[in-house]
Amino acid sequence: MIKLIATDVDGTLVVDGSGSLNPEYFPVIHSLLEKGIIFVVASGRAESSIENIMKPIVNDIIMIAEGGSYVSFRGEELESHPIPIEVVRELIADIRSLKECEVMINGVKQCYVETKDKAFLKWIVEDYHFNVQQVEDLLEIEEEIVKVSIYHKTDATKIATPTFLPKWENRLHVASAGNEWIDCVMPGVNKGTALRKLQKQYGITKEETMVFGDNINDLEMLGEATYSFAVENAREEVKEKANYITDSNRNHGVLKVLKQVLATIEEKERE
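Just so we're clear, the structure is a prediction, and the values are computed from it rather than from any experiment.

Undergrad: How would you summarise helix H3 (residues 85-96) if you had to cite specific residues and measurements?
TA: Its 12 residues give H3 an end-to-end C-alpha distance of 17 Å, which sits within 8% of 16 Å, the value for a rise of 1.5 Å per residue. Every buried residue of H3 is accounted for by Val87, Val88, Leu91, Ile92, Asp94 and Ile95. The elements touched by buried residues of H3 are strand E6 (102-106), strand E9 (147-151), helix H6 (164-168) and strand E11 (181-185).

The structure is reproduced here in structure tokens:
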């Protein structure tokens with residue numbers, strides 16, 4: 001019996017960067033919650049962005065935000081993994097040197113950017129609903145930072161591969177979060193480690209867990225569930241890792257599976 005369901009957002013529930021979710025999801029998730037299933041939204045997004053997209057059920061779900069480096073429930077912090085400030089400053093300097101890339105640093109409640117690109121700033125505020133502050137110099141930020149991100153408008157991994165990735169991939173957990181983003185968090189921190197702690201806290205096994213994902217930063221989380229699903233539009237590495245494939249995000253593949261889970265539970269209740 002499924003006791004915990006966890007899903008990624010961008011590329012899995014919605015098209016990357018979308019600010020809204022198909023409203024059909026909410027009554028289905030609400031019904032699953034009423035059946036006693038724990039529902040987790042696990043994303044590279046900031047907490048504020050997850051709150052916005054899941055607004056109708058936000059007080060009933062657990063949020064794994066910032067790629068696993070911040071976990072919360074009903075506004076209360078369950079887990080946080082700040083990056084040492086000297087490491088944050090070194091990352092900022094290295095990302096600044098990458099051609100046509102933006103750097104964003106994320107505190108628990110606030111994101112910071114130096115960008116002068118009005119279109120990029122509008123996108124992350126109006127579509128992602130990040131709580132963003134534009135600053136002159138990121139090196140002056142004193143707040144604890146839980147994630148540092150590279151943004152490139154077409155292919156962040158291609159830009160980062162020659163110099164950035166060889167330097168940082170063994171020092172931090174560095175993962176692609178769609179074509180445009182690369183997220184850097186503390187080593188040993190990812191969506192999978194956050195999910196594993198929740199499973200332990202609630203006494204839930206892999207066999208009682210269902211997970212949905214599409215990208216590299218979902219791989220560890222998929223490994224924590226027997227019922228691991230990749231959406232049809234997922235990267236090939238993710239499809240190979242997952243035990244099952246569902247329809248694409250555009251065709252609401254996750255919703256189809258959730259409806260099946262709910263129908264199975266209701267059928268057993270009628271027996």
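Undergrad: Outline the pairing of strand E3 (residues 62-65), listing residues and values.
TA: Of the two faces of E3, both are covered, the one formed by Ile62 and Ile64 as well as the one formed by Met63 and Ala65. By the bridge criterion, three bridges tie strand E2 (residues 38-42) to E3 in an arrangement that is parallel. Paired with valine 41 across the strands is methionine 63, a residue of E3. Taken together, E2, helix H2 (residues 47-53) and E3 constitute a β-α-β crossover, and its handedness is right-handed.

Undergrad: Residue-level account of empty space enclosed by the protein, with values.
TA: Overall, the coordinates contain two cavities of 30 Å³ or more when judged by the stated rule. Within this model, the largest cavity holds a volume of roughly 170 Å³. Contributing to the lining of the largest cavity are 18 residues, with Asp10, Gly44, Arg45, Ala177 and Asp183 lying nearest its centre. Of all elements in the fold, only E9 and E11 reach the threshold of two or more residues within the lining of the largest cavity. A per-class count over the lining of the largest cavity returns five nonpolar, six polar and seven charged. Taken together, Gly67, His173, Ala175, Asp183, Val185, Asn190, Lys191 and Asn217 make up the full set of residues lining the second largest cavity. Among the secondary structure elements, those contributing two or more residues to the lining of the second largest cavity are strand E10 (173-176) and E11. Counted by class, the lining of the second largest cavity contains two nonpolar, four polar and two charged residues.

Cut-offs used in this document
Residues numbered from 1 in each chain as written. Predicted model: local features only at pLDDT ≥ 70, side-chain atom pairs only at ≥ 80, totals over all residues. Heavy atoms only, no water. Helix = DSSP H or I, 4+ residues; strand = E, 2+ residues; numbered from the N terminus. Expected span 1.5 Å × (residues − 1). Buried < 20%, exposed > 50% of the residue type's maximum accessible area, 1.4 Å probe, protein only. Contact = heavy atoms within 4.5 Å. Pairing = 2+ DSSP bridges. Right-handed = clockwise from strand over helix to strand, strands pointing away. 1 Å grid on protein atoms, 1.4 Å probe; cavity = no way out; pocket = protein on both sides within 12 Å on 5 of 7 lines; lining within 4 Å. Points joined across faces, edges and corners; volume = space filled by probe spheres on them. Nonpolar A, V, L, I, M, F, W, Y, C, P; charged D, E, K, R; others polar.

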